[in-house]
Amino acid sequence: MQKELLRMENIVKTFPGVKALNNAAITVHAGEVMGFMGENGAGKSTLMKILMGIYKADQGSIFLEGKETVIHGPKDAMSKGISMIHQELNTVLDMEVAENVFVGRELLKKGMEKLKIVDIARMREETRRYFRKMNIDIDPRAKMRTLSVAEMQLVEIVKAISLNSRIIVMDEPTSAITEKEATVLFAQIERLKKQGVAIIYISHKMDEIF
C-alpha cells in the first residue's frame, strides 16, 4: 500500500433542515484513483467542498500525510497540495491558455518584480514544458474559447500539476466530452497515478469507473 495522503474522519455538516454528512470518512493514498460515487444529494460535493475549505465542517478532522490540519479556503487548500477540477470549468475564455494556467499567480519579469510586470513569454514557456511532459498538443498562446471542453479540462489538470498538487479532485469530468476525448483524459489520469498523485474521481458512470 502506498503512503496515505489524505484522511477525513467523522465529518458532520448540517444545513438548515438537512444533515448533509453524518460521520463521513475517506482515506486516499498516493498513486490511487478513488471512484467517489453516490446518488444526487448523497453528500459527495459537500465533503469535497469541506476538503477545499469552501465549507467548514460542524465536526470532524482532516489529516494530510498523517498530520491533522485545518483548511481555511481554496487558496489554502492549493498551498497544501489539493486541487479540484469542477464540473463547471473555472476558465477565463478571453485569456490565453498560459494565462489560465498561471491565473492569480502570474510570473513576473525578473528584476522588475516591484513593478508587477507580467512575463507572458515565461508563462508560455513554462506551460509548453508541462504540455511536453504530458504529451499534450495545445498551443499555450491560444485563447481558451477556441479549445474543446476536453482540452479545457487538460489545461485545468496542468494548472493543478503546476501547483504541485498531490491530491486532485475531478468532479464529473466526462459529463460534457466525447468518448474519444475521455480516452485522452484517462491516459492523463494514468500518467498522474504513476507519478504518485492521488485522484478522487466523482462520477455516476459505472463503466468508466471500472
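Presented here is an overview of the structure given in this document. In this text, all values refer to a predicted model and were calculated from it rather than measured experimentally. (Residues numbered from 1 in each chain as written. Predicted model: local features only at pLDDT ≥ 70, side-chain atom pairs only at ≥ 80, totals over all residues. Heavy atoms only, no water.)

With that out of the way, let us pick up unusual backbone geometry. The phi angle at Asn-164 is positive, at roughly 60°, despite the residue not being glycine. Mapped onto the elements of the fold, Asn-164 is located in the loop between α5 (149–162) and β7 (167–171). Classification of Asn-164 as exposed rests on a relative accessible area of 61%. Its identity as a non-glycine residue notwithstanding, Glu-172 has a phi of 50°, on the positive side. Within the element layout of this structure, Glu-172 appears in the loop between β7 and α6 (179–194). (Helix = DSSP H or I, 4+ residues; strand = E, 2+ residues; numbered from the N terminus. Buried < 20%, exposed > 50% of the residue type's maximum accessible area, 1.4 Å probe, protein only.)

Attention shifts here to the sheet that holds strand β3 (residues 33–36). Strands in a sheet are paired, the pairing made by backbone hydrogen bonds, and the direction either parallel or antiparallel. As summarised here, the arrangement of the four strands in space is β3-β8-β7-β6, forming an open sheet in which the pairing is parallel. The sheet is open, and its two edges are formed by β3 and β6 (82–85), each paired on a single side. Between one strand axis and the next, the sheet turns by 15° as a mean value, whatever way the strands run. Direction of pairing for β3 relative to strand β8 (residues 198–202): parallel, over a ladder of four bridges. Directly across from Val-33, in β8, lies its bridge partner Ile-199. Against the sheet, helix α1 (residues 44–51) contacts β3, β6, β7 and β8, and its axis sits at roughly 145° relative to β8. Packing against the sheet, α6 makes contact with β3, β7 and β8, and its axis sits at approximately 145° to β8. (Pairing = 2+ DSSP bridges. Axes fitted to C-alpha atoms, helices over the stretch in contact; angles between N-to-C directions. Contact = heavy atoms within 4.5 Å.)

To find leftover empty space, one rolls a probe the size of a water molecule over the atoms. Volume-wise, the largest pocket comes out at about 420 Å³. Lining the largest pocket we find 18 residues, and of these Met-78, Met-84, Val-103, Lys-159 and Leu-163 sit closest to its centre. For the lining of the largest pocket, the elements supplying multiple residues, two or more each, are α2 (74–79), β6 and α5. Its residues placed into classes, the lining of the largest pocket shows ten nonpolar, four polar and four charged. Roughly 280 Å³ of volume is contained in the second largest pocket. Lining the second largest pocket are 16 residues; nearest its centre among them are Lys-56, Ala-57, Ile-62, Val-70 and Ile-71. (1 Å grid on protein atoms, 1.4 Å probe; cavity = no way out; pocket = protein on both sides within 12 Å on 5 of 7 lines; lining within 4 Å. Points joined across faces, edges and corners; volume = space filled by probe spheres on them. Nonpolar A, V, L, I, M, F, W, Y, C, P; charged D, E, K, R; others polar.)

By size, the foremost hydrophobic cluster in this structure holds 33 residues, and its most contacted members are Ile-157 and Met-170. Contributing elements (two or more residues each) for this core: α3 (97–101), α4 (120–133), α5, β7, α6 and β8. Per element, the largest residue contribution to this core is eight residues, and it comes from α5. Each residue touching Ile-157, except ones within four places of it in the same chain, is listed here: Ile-85, Met-134, Met-170, Leu-185 and Leu-192. (Core = buried A, V, L, I, M, F, W, Y, C linked by side-chain atoms within 4.5 Å.)

Inspection of the secondary structure puts Lys-13 in strand β1 (residues 4–15). Buried charged residue Lys-13 carries no salt bridge. Nearest counter-charge: Asp-58, at 4.0 Å. Within the structure, the side chain of Lys-13 is placed 2.9 Å from the backbone oxygen of Lys-56, a separation counted as a polar contact. In this structure Lys-13 touches Lys-19, Ala-20, Leu-21, Thr-46, Ile-50, Tyr-55, Lys-56, Ala-57 and Asp-58, once residues within four positions along its chain are discounted. (Lys, Arg positive; Asp, Glu negative; His and termini not counted. Salt bridge = Lys/Arg side-chain N within 4 Å of Asp/Glu carboxyl O. Polar contact = N/O pair within 3.5 Å; in protein donor to acceptor, adjacent residues only side chain to side chain.)

Where burial is concerned, most of α1 is hidden: six out of the eight residues are buried. For α1, every residue scored as buried is listed here: Lys-44, Thr-46, Leu-47, Met-48, Ile-50 and Leu-51. The positive-phi residue at the C-terminal boundary of α1 is Gly-53, with phi of around 80°.

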